[in-house]
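Listed below, chain by chain, are the residues.
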Amino acid sequence: MDKFLINGPCKIKGNVSISGSKNASLPILAATLLFDQPVILRNLPKVRDINTMFNLLKSLGSKIILSKDQKSAKIINKKNMKTFASYSLVKTMRGSILVLGPLISKYHKSKISLPGGCLIGARPVNYHLAALKKLGMIYELKDGYILAKSRGNLKGAIINFPKISVGATENSIIAACLAKGETILKNCAIEPEIKDLTNFLNKAGAKIKWSGRTCKITGVVSLSKIEYSVMADRIEAGTFCVAAALTNGNLKVKNINPRTITSEINLLKKVGAKIKIYKNEILIRGPKKIKSIRNIKTKEFPGIPTDLQAQLMVLMCKAVGKSSITENIFENRFMHVAELQRLGAKINIKNNTAKIKGKTKFIAAELMSSDLRASVALVLAAIVSNGKSCINRIYHLDRGYEKIENKLKKVGVKIKRIK
Ligand code: EPZ
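Before going into details, it helps to say that this report is about the structure given with it. Please read these numbers as outputs of a predicted model, since none were measured by experiment.

1. Observations concerning the sheet that holds strand E3 (residues 39-42)
- Here 4 strands make up an open sheet; going across it, the order is E4-E5-E3-E14 and the pairing mixed. Two strands lie at the open edges of the sheet, namely strand E4 (63-66) and strand E14 (226-229), each paired on one side alone. Averaged over neighbouring strand pairs, the angle between their axes works out to 20 degrees when direction is ignored.
- Bridge count between E3 and E14: 4 bridges; the pairing is parallel. The partner of Val39 across the bridge, within E14, is Ile226.

2. A few points about the sheet that holds strand E2 (residues 13-17)
- The strand order across the open sheet built from 4 strands is E2-E15-E17-E16, with neighbouring strands paired in mixed fashion. Of all the strands in the sheet, the pair left with one neighbour each is E2 and strand E16 (274-277). Pairwise comparison of adjacent strand axes, ignoring direction, gives a mean angle of 15 degrees for this sheet.
- By the bridge criterion, 5 bridges tie E2 to strand E15 (residues 250-254) in an arrangement that is parallel. Across the sheet, Asn15 pairs through a bridge with Lys252, a residue of E15.
- Lying over the sheet, helix H9 (residues 262-270) contacts E16 and strand E17 (281-285), oriented at roughly 150 degrees with respect to E16.

3. Remarks on the nonpolar core
- Judged by nonpolar contacts, the single largest core of 74 residues is most densely connected at Leu41, Met53, Leu100, Phe200, Leu201 and Leu223.
- Ignoring anything within four residues of it in the chain, the contact list for Leu223 reads Leu34, Phe35, Gln37, Leu178, Leu201, Ala204, Gly205 and Ala206.
- Cys10, Ala244, Cys317 and Ala319 belong to the second largest nonpolar core, which has 72 residues in total.

4. Points about the environment of His396
- For His396, the location among the structural elements is in helix H13 (residues 395-398).
- By relative accessible area, His396 is classed as buried at 13%.
- Ignoring sequence-local partners within four residues, the contact set of His396 consists of Ser369, Ser370, Asp371, Leu372 and Ser375.
- There is a polar contact of 3.1 Å between the side chain of His396 and the backbone oxygen of Ser370.

5. Let's talk about the environment of Gly303
- By the secondary structure assignment, Gly303 is in the loop between strand E18 (296-297) and helix H10 (309-317).
- Put simply, Gly303 and Gly167 are 136 residues apart on the chain and 17 Å apart in space, counted from C-alpha to C-alpha.

6. Some details on the pairing of E16
- Taken together, the 4 bridges between E16 and E17 define a ladder with antiparallel strand orientation. Paired with Lys276 across the strands is Leu283, a residue of E17.
- Hairpin connection between E16 and E17: a loop of 3 residues separates the two successive antiparallel strands.

7. Quick word on the site of the ligand
- The ligand sits among 22 residues. The nearest are Asn126, Ser165, Val166, Asp307 and Ile329.
- In isolation the ligand offers 820 Å² of accessible surface; the protein chains occlude 87% of this area.
- Those elements that place two or more of their residues in the shell around the ligand are helix H1 (22-31), helix H5 (126-134), helix H6 (166-176) and helix H12 (372-383).

8. Section: the pairing of strand E5 (residues 73-76)
- Only one face of E5 is buried, namely the one carrying Ala73 and Ile75, since none of Lys74 and Ile76 on the opposite face is buried.
- Two elements, E3 and E5, share 3 bridges in a ladder whose sense is antiparallel. Across the sheet, Val39 pairs through a bridge with Ile75, a residue of E5.
- Judged from the 4 bridges that link them, E4 and E5 form a sheet pairing that is antiparallel. When the bridges of E5 are listed, Ile64 appears paired with Ile75.
- Linking two consecutive strands that pair antiparallel, namely E4 and E5, is a turn of 6 residues; a positive phi of about 60 degrees is found at Gln70 within it.

9. Quick word on the packing of helix H11 (residues 335-342) against H12
- It is at 9 Å that the axes of H11 and H12 come closest, and there the two elements cross at 20 degrees. It follows from the interaxial angle that H11 and H12 lie roughly parallel. Here the hand of the crossing between H11 and H12 comes out right-handed. Only Ala374, Leu378 and Ala381 of H12 make contact with H11, whose side of the interface consists of His336, Glu339 and Leu340.
- Residues of the contact of H11 with H12, tallied by class, amount to 4 nonpolar, 1 polar and 1 charged.

10. A closer look at a positive patch on the surface
- Taken together, the side chains of Lys289, Arg294, Lys297, Lys322, Lys346, Lys350, Lys355, Lys357, Lys359 and Lys361 make up a positively charged region of the molecular surface.
- Classification of Lys350 by relative accessible area gives exposed; the value is 62%.

Rules behind the numbers
Residues numbered from 1 in each chain as written. Predicted model: local features only at pLDDT ≥ 70, side-chain atom pairs only at ≥ 80, totals over all residues. Heavy atoms only, no water. Pairing = 2+ DSSP bridges. Helix = DSSP H or I, 4+ residues; strand = E, 2+ residues; numbered from the N terminus. Axes fitted to C-alpha atoms, helices over the stretch in contact; angles between N-to-C directions. Contact = heavy atoms within 4.5 Å. Core = buried A, V, L, I, M, F, W, Y, C linked by side-chain atoms within 4.5 Å. Buried < 20%, exposed > 50% of the residue type's maximum accessible area, 1.4 Å probe, protein only. Polar contact = N/O pair within 3.5 Å; in protein donor to acceptor, adjacent residues only side chain to side chain. Near = heavy atom within 4 Å. Areas by Shrake-Rupley, 256 points an atom, 1.4 Å probe, with all protein chains shown as cover. Parallel < 35°, antiparallel > 145°, perpendicular 65-115°, else oblique. Left-handed = near helix turned anticlockwise from the far one by under 90°. Nonpolar A, V, L, I, M, F, W, Y, C, P; charged D, E, K, R; others polar. Patch = residues over 30% accessible without salt bridge, like charges linked within 9 Å, V, L, I, M, F, W, Y side chains within 5 Å. Salt bridge = Lys/Arg side-chain N within 4 Å of Asp/Glu carboxyl O. Lys, Arg positive; Asp, Glu negative; His and termini not counted. Charge placed at Lys NZ, Arg CZ, Asp CG, Glu CD.

Structure below.
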């Protein structure tokens, strides 16, 4: 299993180019199951989860032709696709549940493994199932699988999500595209990745309209062939902005729409970073002294994203004074705290709030990654630790960050991957 060796402390400076968004690519790739015509996608990130989705689509019968750099893909579906998604594939990536909506909508049946939980929480899919049931899906849960079917086409319905859910919103929008009649989804998640999905579908002839957290979808008979470039990864961009703020750095973050990370930018300005934003890039200069922030709370978009919580915790460890971070989205997303404490962090957890003492002098150590975003927080902590840190199980990182060590090396980090 690969490891990272990082020699700290380092200062982040120079330019970094942001890759395509994993969390926009996954629903868009799942939605290609709705198409009879070829779909060409560009700006796909070269990360493990995208590969897993390619393998899942191929197991269903899609033909996928990749460009040399693997950042573009042409997806061609067979006349009759398979509709079985095995546990072996789904267990490696929960986002696989996103093929349920398109399969039911297009092929009126599907047998797909329940995704199961992960380290950050139980990750149930009850909102997905309830919404698709309202559209006409009939299902039973058996031996860890969802056995689903519909009597002909799905039918439009009014669905009010009991809780905001990114995946359930995406699954329902995709399924409603080919349903008969009009679907109104209320209390939707409105993450930029979901807007990227609906931009993609509308460009192919779907009829999707937004008004706040309400999404109206008028069913169509089919979607036309399309070429589409996926949005940039706002979480990767936010991670590099935190790295610059953490190290009193000076960084140009390129190929990112700054409007997708407004709340993070405002928070980094509060800690003292100087930030200039342009149409497709962000210039950030880190403060000499990092100001602490009393009550950071993760929230659904447009709030502070849960996927940046671990990275912001490292920043607050280095701040002058006390701070706190409340995790409101997942029930167990403080896996990084124990590892940060091994580096010297002074953090107390009470329920879903972490109280952080600042001015931590991180001392290099051997560390263990647990989930994708916690792993990158350990990388940030190692960057500002004195000495050589070793981070194990970085396959978690490879799920969502494209060759992060190359990008970090280019901006001044002494890092190497060892097999
Ligand atoms: C998406 O997960 C992202 N994954 C996550 O990113 C992200 O952290 C999350 O949204 C929140 O923004 C992808 O886009 C592939 P949710 P998702 O449904 O859709 C509960 C990363 O690191 N819930 O908005 O699974 C759920 O347990 C990943 O890139 C139910 O109870 O998130 C959670 O507590 C991690 N029942 C909350 O809602 C359901 O049916 C929000 O989950 C669905 C969700």
